[in-house]
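What follows is each chain in one-letter form.
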Amino acid sequence: MSKYDAIVIGAGHNGLCNAAYLAKSGLKVLVLEKNDYIGGAAVSRELEEGWLYSNCSYVCSLLRPEIYRDLNLQKHGLQVIAYGGSVTFTKKGDIFGGYSDHDLSRREIGRYSKKDADAYVRFSRDISKQCRFIKPLLMRTPPDPTSFKPKDLNELIWLFKRLYGLGEETIYETIRFYTMSVAEYLEEYFENDVVKAALSGSGIIGTGLGPYSPGTAYVLLHHYMGEVDGSIGSWGFARGGMGSVSNALAGAFQEHDGEIMTNAEVKQILVKNGRSVGVVLENGDELYAKNIVSNLDVKRTYLKLFEHGDLDEKIINQVENFKIRGSSGKLNIALDGLPEFPAMGKNNPLMHADMHFIDSLERIERAFDDWKNGRWSADPYCDTLIPTLTDPTMAPPGKHYMSVFVQYAPPKLATGEWTDKDREGFGKTVIDQIGEYSPNFKDLIVHAEIRSPQDIENEVGLTEGNIFQGELTMDQMFFNRPFPGYSQFRGPVKGFYMCGSSTHPGGGVMAAPGANAAREILFDLKRENIVPEAENDD
Amino acid sequence: MLQQNHYLKSVYETPFHERTSELNILNDWTRWKDYTVPNSYFRVDLEYFAARNSTAVFDYTPMIKHRIKGKDALEYVNRFFTRDMTKIGLHRVGYAVWCDEQGQVIDDGTVFHMRENEYWLLSAERQLENLAVSAIGFDVEIDELTDDVAALGVQGPTSASILKAMGFQEIEMLKPFDIKHYSYHGEEITISRTGFTGDLGYEVLMSNSVALSFYNEMFAKGEIYNIKPAGLEALDLLRIEAGLLQPGVDFMIAEEAIRPGATRSPYELGLSWLVDLSKPVFNGKAALVEEKKRGSKYTFVKLNINGNKPASGSYLYNQANKKIGTVTSAMFSPSAKANIAYASLHEPWKKGKDKIIAEIYYQKDLEWNRVMEEATIVTKPFFDPDRKRATPAELY
């Protein structure tokens, strides 16, 4: 006798979003979380008294506004606050600022190259075209191109119409765009290396690829299509840290009588007669439900939670071949005051922006080389932010929290597993790099949480610590995500579904995979669809 | 008396101008009555978010300020305004409207019960003549102090912390709509827990002589609380989310209306809570009694509209494609992620029966497009955080 209509494994933001929609539809839903806190990689934790860290994910722009509105996340305490711009510090002691004001940005590029300043107009337009094409796809289920079901055929027709609607030139451009490297793509517009380095960062964040690796142009788009209130490319902070996103989704779920159980790690998914029927927890408890949904990545789900005998060999093979490479680490730093960055001065609005300390494509590619060789980058690409200059809730007044996303760091070192000493060395590399540009930075450090990809895997559960639950390359995107035949959120056994970032449209705190999966589950249960479509940008 | 050549400076600078002009890096100014004030300072959305997340400071100096003083002050204001003014205790502020003889709203404003027998009216329009006409037979003295008193809005979650850091004791203990007088550099300064943003926030009234030092000190003390200046464009977004009306935008100021039917009564603006028909007399009472009996022509509503295209100036239709109203203010709300609007509805709209469909025009790449989007009526403000009401106020 099952008490629940559905059990969702993992209280990450996608699991909670999925559960919220199932519960809103009237189903009895239980969410199981292994940790004693919810949120997965969208969490805010107090590790040093007085400071809240966004321990993993740290900015918010991809979160679908349709979901935000539909689940009334505002009422459940979520406020996404816009912030502006990015800045790259150069070896020569200057900065290159990416302002959110288009004309300001163009002028800044002009300091490095007049020609590039003009090319920026064309670049922005072309990126906007790609964003316009892809955004409506985020809240739709990819069609199966081999299927003759009316649902798939209709979706394929819709997709082709959309593609042809782009016009001949843009169709060619789109296909090139999806397969190019970010460096080559930028070279079609820009000549200056600082400009290219600054713009390329979004193409490598979270991926085990370098700026010259094919496929990274798309990753750039994946980060650019974010928006805050319709301004594309704009980023925001969740007030109170990224845990606010998860807490608001949990609030929406609980409003519809959803139940969350923490400290409840799932050991096994029970399969009977080709159908998932329940789960076994680490403590031996068995819980039953007609539908089981996994928010975990595909590797963890299929290789750890299923008995191999319950799955086809082909699936196991596909899962094993799925690329999920840990490439990044994270530092969360509590600061006793505001660090100075003499190259830009205290009153520069870019103090609020994403800071980077690497100023050439070559340096980024060398950083990638270290990763390939099983070392963390000696000269890393750091996406650094001081959220407390915007959000007053994360540190005492006058004190600051700095979030440093670090690329590259391998899940396993050439010397073996990560040791405490390695972690320390990794942290020192990052702190030294920032210290080069901020003389008082090191003296201000009160506490630092240093996380290797291995730490992220151990704590959050993301395989290899990969932030996207799988590479965002074309062979693993859209109807190939996570792998061919399984892009519509259904698993290989009946009643089993996937709802994490391993599924379409991939990683980032979007909540789209969770919502998309809910739509398919409700379809199978012959319930009315309550998951919103993407708003039309046209 | 004003010099004859005042035309040489058609628009005044406020006492804060020296600093606001430094902070206004967009050099974006707008005219507000006699003054020029920033429309935006650095980026509208960030100015908006400062008010929702930390603190935004608005220069409210051009707001019209009237002082009503004398032993009949209470009796007088009770005759002038539609609401029961005896309920606005000493050191309290009340929102109020006042009407012409036809019961049509002239303007709205906030009435400050400043001292025993002294009220201040802060309003959009100058009301000296109206106030004087009603004053016949009352022992009151009425002045307009707009140019003598500087005003700031200090709005947002960290605003109490900033004022406290400036030495304004017990500021966090003010309840919404409370007033407290302080001494600042030897001058009296009045702080009220009011604003125009629907969040925790304060308004500060001070003499021009201390205005600039107050402003500078506030920004120095406020830095660690993420204080930001904000302009009128951000303020408009905030007040729509907060459910607050703008005279001259959401309703026609009765005295300026040329065409019949252009004005609205308090009932037609959803402000029936501001009308107390049990009072023996007030301006417009007879007409409002009559309207109450016969029913109103217009209904003012807050709308949540499908889609994401703001319904600015939209016509509204019912399911039979009959026009039932117009939108007065509209925006996409960054906090609710909703497409919101205020609208004035009329016949043949039937409450609870008719659909409301907005006809929205918008431009993409210079092409005009049109969508018809269904809307639902909401009763609460679109943004209504608990911290707006919490006393003591949140401190950081």
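Each value, and the rule that gives it
Residues numbered from 1 in each chain as written. Chains lettered and ligands numbered in written order. Predicted model: local features only at pLDDT ≥ 70, side-chain atom pairs only at ≥ 80, totals over all residues. Helix = DSSP H or I, 4+ residues; strand = E, 2+ residues; numbered from the N terminus. Rg over C-alpha atoms; globule rule 2.2 N^0.38 Å. Buried ≥ 20, exposed ≤ 12 C-beta atoms within 10 Å, placed from the backbone. Contact = placed C-beta atoms within 7 Å. pLDDT = per-residue confidence, 0-100. Arc of directions from axis to C-beta. Core = buried A, V, L, I, M, F, W, Y, C linked by C-beta atoms within 7 Å. Pairing = 2+ DSSP bridges. Axes fitted to C-alpha atoms, helices over the stretch in contact; angles between N-to-C directions. Nonpolar A, V, L, I, M, F, W, Y, C, P; charged D, E, K, R; others polar. Right-handed = clockwise from strand over helix to strand, strands pointing away.

**A closer look at the overall build of chain A**
So, step 1. Across its full length, chain A holds 17 helices and 20 strands.
So, step 2. Scaling as 2.2 N^0.38, a compact globule of 538 residues should have a C-alpha radius of gyration of about 24 Å, and chain A matches this with 22 Å.
So, step 3. When its C-alpha atoms are laid out on the principal axes, chain A stretches across 70 × 55 × 45 Å.
So, step 4. Scored against the burial criterion, the 538 residues of chain A give a buried share of 56%.
So, step 5. Pairs at least 24 residues apart make up 73% of the contacts formed inside chain A by residues separated by at least 6 positions.

**A look at the overall build of chain B**
So, step 1. Along chain B, the regular secondary structure elements total 8 helices and 20 strands.
So, step 2. Against the compact-globule benchmark of 21 Å for 396 residues, chain B has a radius of gyration of 21 Å, which places it among compact chains.
So, step 3. Out of the 396 residues belonging to chain B, those deemed buried represent 47%.

**Brief notes about the confidence of the model for chain B**
So, step 1. With 100% of its residues at a pLDDT of 70 or more, chain B shows a mean pLDDT of 97.
So, step 2. Among the scores for the predicted complex, ipTM is 0.94 and pTM is 0.96.

**Notes on helix H16 (residues 453-460) of chain A**
Residue and element names in this part refer to chain A.
So, step 1. Residues of H16 that are buried: Pro 453, Gln 454, Ile 456 and Val 460. Seen end-on, H16 carries its buried residues on one side only, within an arc spanning 160°.
So, step 2. In this structure, the buried side of H16 is in contact with strand S15 (328-335) and strand S19 (445-451).
So, step 3. With its phi angle positive at about 100°, Gly 461 sits one or two positions after the end of H16.

**Regarding the nonpolar core**
So, step 1. Ala 20, Val 245 and Leu 249 of chain A are the most contacted members of the largest nonpolar core, which has 266 residues in total.
So, step 2. Setting aside its immediate chain neighbours within four residues, Leu 249 of chain A contacts His 13, Leu 16, Cys 17, Ala 20, Leu 71 and Leu 73 of chain A.

**Side note on the sheet that holds strand S2 (residues 28-32) of chain B**
Residues and elements named next belong to chain B.
So, step 1. Taken together, 3 strands build an open sheet; the order of strands is S1-S3-S2 and the sheet is mixed. The open sheet terminates on both sides in strands that have one partner only, identified here as strand S1 (12-13) and S2.
So, step 2. As judged from the 5 bridges shared by S2 and strand S3 (residues 35-40), these two strands associate in the antiparallel manner. Paired with Trp 32 across the two strands is Tyr 35, which belongs to S3.
So, step 3. Along the sheet face, helix H7 (residues 232-242) touches S2 and S3 and points at about 70° away from the line of S3.

**Considerations on the interface of chain B and chain A**
So, step 1. Taken residue by residue, the interface counts 24 residues in chain B and 22 residues in chain A.
So, step 2. At 5 residues, helix H2 (residues 44-53) of chain B tops the list of elements feeding residues into the side of chain B that touches chain A.
So, step 3. Here the residues of the side of chain B that touches chain A are counted per class, giving 11 nonpolar, 8 polar and 5 charged.

**Observations concerning the sheet that holds strand S15 (residues 299-305) of chain B**
Residues and elements named next belong to chain B.
So, step 1. Taken together, the 6 strands give a closed barrel; going around it, the order is S15-S18-S17-S16-S19-S20, and neighbouring strands pair in antiparallel fashion. Along the sheet, successive strands turn relative to each other by an average axial angle of 40°, direction set aside.
So, step 2. Bridge count for S15 against strand S18 (residues 338-345) is 7 bridges, and the pairing is antiparallel. By the bridge assignment for S18, Phe 300 is matched with Ser 344.

**Describing the environment of Trp 120 of chain B**
All names here are of chain B.
So, step 1. Looking at the secondary structure, you find Trp 120 in strand S8 (residues 118-123).
So, step 2. Spatially, the C-alpha atoms of Trp 120 and Val 11 are 25 Å apart, while their sequence positions differ by 109 residues.
So, step 3. Sequence-distant contacts of Trp 120, that is, excluding residues within four places in its chain, are made with Lys 65, His 66, Arg 67, Phe 112 and Met 114.

**Details of helix H3 (residues 102-112) of chain A**
Residue and element names in this part refer to chain A.
So, step 1. All of the buried residues in H3 are Glu 108, Ile 109 and Tyr 112. Relative to the axis of H3, the buried residues are bounded by an arc of 100° and lie together on one face.
So, step 2. Where H3 is buried, its residues meet strand S7 (95-98), helix H4 (114-134) and helix H8 (193-204).

**Considering unusual backbone geometry**
So, step 1. Omega for the peptide link from Gln 407 of chain A to Tyr 408 of chain A comes to 15°, which places this bond in the cis form.
So, step 2. Turning to its location among the elements, Tyr 408 of chain A is positioned in the loop between strand S18 (400-407) and helix H14 (420-437).
So, step 3. Positioned with a positive phi, Asn 117 of chain B is a non-glycine residue whose angle comes to about 60°.
So, step 4. Its location among the elements puts Asn 117 of chain B in the loop between strand S7 (105-115) and S8.
So, step 5. Positive phi, normally seen in glycine, also occurs at Asn 226 of chain B, with a value near 60°.
So, step 6. Its location among the elements puts Asn 226 of chain B in the loop between helix H6 (208-222) and strand S14 (227-229).
So, step 7. Given 23 C-beta atoms within a 10 Å radius, Asn 226 of chain B is considered buried.

**What about the pairing of strand S2 (residues 29-32) of chain A?**
Residues and elements named next belong to chain A.
So, step 1. Because side chains alternate across S2, one face comprises the buried residues Val 29 and Val 31, and the other comprises Leu 30 and Leu 32, equally buried.
So, step 2. Examined bridge by bridge, strand S1 (residues 4-9) and S2 share 4 bridges and lie parallel to one another. What sits directly across from Ile 7, in S2, is Leu 30.
So, step 3. As for the winding sense of the linkage, the β-α-β connection from S1 through helix H1 (residues 13-24) to S2 is right-handed.
So, step 4. Inspection of the sheet shows S2 paired to strand S11 (residues 259-261) by 3 bridges, in the parallel sense. Bridging across to S11, Leu 30 finds its partner in Glu 259.

**A closer look at the pairing of S1 of chain A**
So, step 1. Where S1 of chain A and strand S14 (residues 286-294) of chain A come together, 5 bridges link them in parallel fashion. Bridge pairing in S14 of chain A places Tyr 4 of chain A opposite Ala 289 of chain A.

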